[in-house]
Amino acid sequence: MSERTLAIIKPDAVKKHVIGDIIHRYEQVGLKPVAMKMLSMSKSVAEGFYAVHKARPFFGSLCDFMSSGPAVVLVLQGDNAIKKNRELMGATDPAKADAGTIRNAHGTNIEFNAVHGSDSPETAQFEIGYFFPGMEIFN
Ligand code: ADP
Ligand code: MG
């Protein structure tokens, strides 16, 4: 079933000049970009995006990281896009991410891990709407 997921190429990956490599990986597995933009999140925008994690000890550091420079946010569309993107990303901790995954290739540590991907249909809906109005998403 075709679905949509929200992906972010995080500030660490933008600084490493691997935007093109990561988008190529999405396209190679059939995750089609249907919306995309570069933006630099304010701290409060990052806090709103990660509100689900606000009780976690790493919340402040995570929001500082996500607002540390430009990121690329995308909507990816394809069959089982949410699960497919999670598999392509690899484990949260790059040291545990399988060979061939984005985090294995480009992650630095459990915080600076190169990419974000929605983890369920409910979070995908919230996250896509957080960054993109419907008129900026294409088929
Ligand atoms: P994922 O991005 O794989 O869905 P989580 O939703 O658990 O992982 O965490 C959101 C983000 O918070 C991670 O991608 C990572 O940047 C950061 N993070 C997660 N766990 C830790 C941790 N133990 N220490 C520091 N940062 C973390
Ligand atoms: Mg998550």
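It should be emphasised that the depicted structure is a prediction, and the values quoted were computed from it without experimental measurement. (Residues numbered from 1 in each chain as written. Chains lettered and ligands numbered in written order. Predicted model: local features only at pLDDT ≥ 70, side-chain atom pairs only at ≥ 80, totals over all residues. Heavy atoms only, no water.)

Caption draft 1: Representation of the side chain of Arg25. Looking at where Arg25 falls in the secondary structure, it is placed in helix H2 (residues 19–28). Here the side chain of Arg25 touches Asp21 through a polar contact of 2.7 Å, side chain to side chain. Here Arg25 is in contact with Leu88, Gly100, Thr101, Ile102, Ala105 and His106, once residues within four sequence places are set aside. (Helix = DSSP H or I, 4+ residues; strand = E, 2+ residues; numbered from the N terminus. Polar contact = N/O pair within 3.5 Å; in protein donor to acceptor, adjacent residues only side chain to side chain. Contact = heavy atoms within 4.5 Å.)

Caption draft 2: Representation of the sheet that holds strand E2 (residues 32–39) within the structure. Reading across the sheet, the 4 strands line up as E2-E3-E1-E4 and stay open at both edges, with antiparallel pairing between neighbours. Strands at the two margins of the open sheet, each flanked by one partner only, are E2 and strand E4 (115–117). Strand after strand, the sheet turns through a mean of 20° between neighbouring axes, direction not considered. One ladder, built from 3 bridges, connects strand E1 (residues 2–9) with E4; its direction is antiparallel. Note on E4: the bridge partner recorded for Ile8 is His116. Relative to the sheet, H2 contacts E1, E2, strand E3 (71–79) and E4, its axis offset from that of E1 by approximately 165°. Each of E1, E2, E3 and E4 touches helix H7 (residues 121–131); the most contacted strand, E1, lies at about 60° to it. (Pairing = 2+ DSSP bridges. Axes fitted to C-alpha atoms, helices over the stretch in contact; angles between N-to-C directions.)

Caption draft 3: The arrangement of H2 in detail. Those residues of H2 that sit buried are Ile22, Ile23, Arg25 and Tyr26. What you see down the axis of H2 is that its buried residues fit within an arc of 155°, all on one side. When the buried face of H2 is taken as reference, the exposed residues oriented beyond 90 degrees from it are Gly20 and Gln28. Backbone geometry just after H2 places Gly30 at a positive phi near 85°. (Buried < 20%, exposed > 50% of the residue type's maximum accessible area, 1.4 Å probe, protein only. Arc of directions from axis to C-beta.)

Caption draft 4: Up close: the site of ligand 1. Looking at ligand 1, the residues that line it are Lys10, Tyr50, His53, Phe58, Leu62, Arg86, Thr92, Arg103, Ile110, Glu111 and Asn113. Note that an oxygen atom of ligand 1 is positioned 2.9 Å from one of the side-chain N or O atoms of His53. In this structure, an oxygen atom belonging to ligand 1 sits 2.8 Å away from a side-chain N or O atom of Arg86. In the complex, 81% of the free accessible area of ligand 1, which totals 530 Å², lies under the protein chains. When grouped by side-chain class, the residues that make up the shell around ligand 1 number 4 nonpolar, 3 polar and 4 charged. (Near = heavy atom within 4 Å. Areas by Shrake-Rupley, 256 points an atom, 1.4 Å probe, with all protein chains shown as cover. Nonpolar A, V, L, I, M, F, W, Y, C, P; charged D, E, K, R; others polar.)

Purely geometric numbers; function is a separate question.
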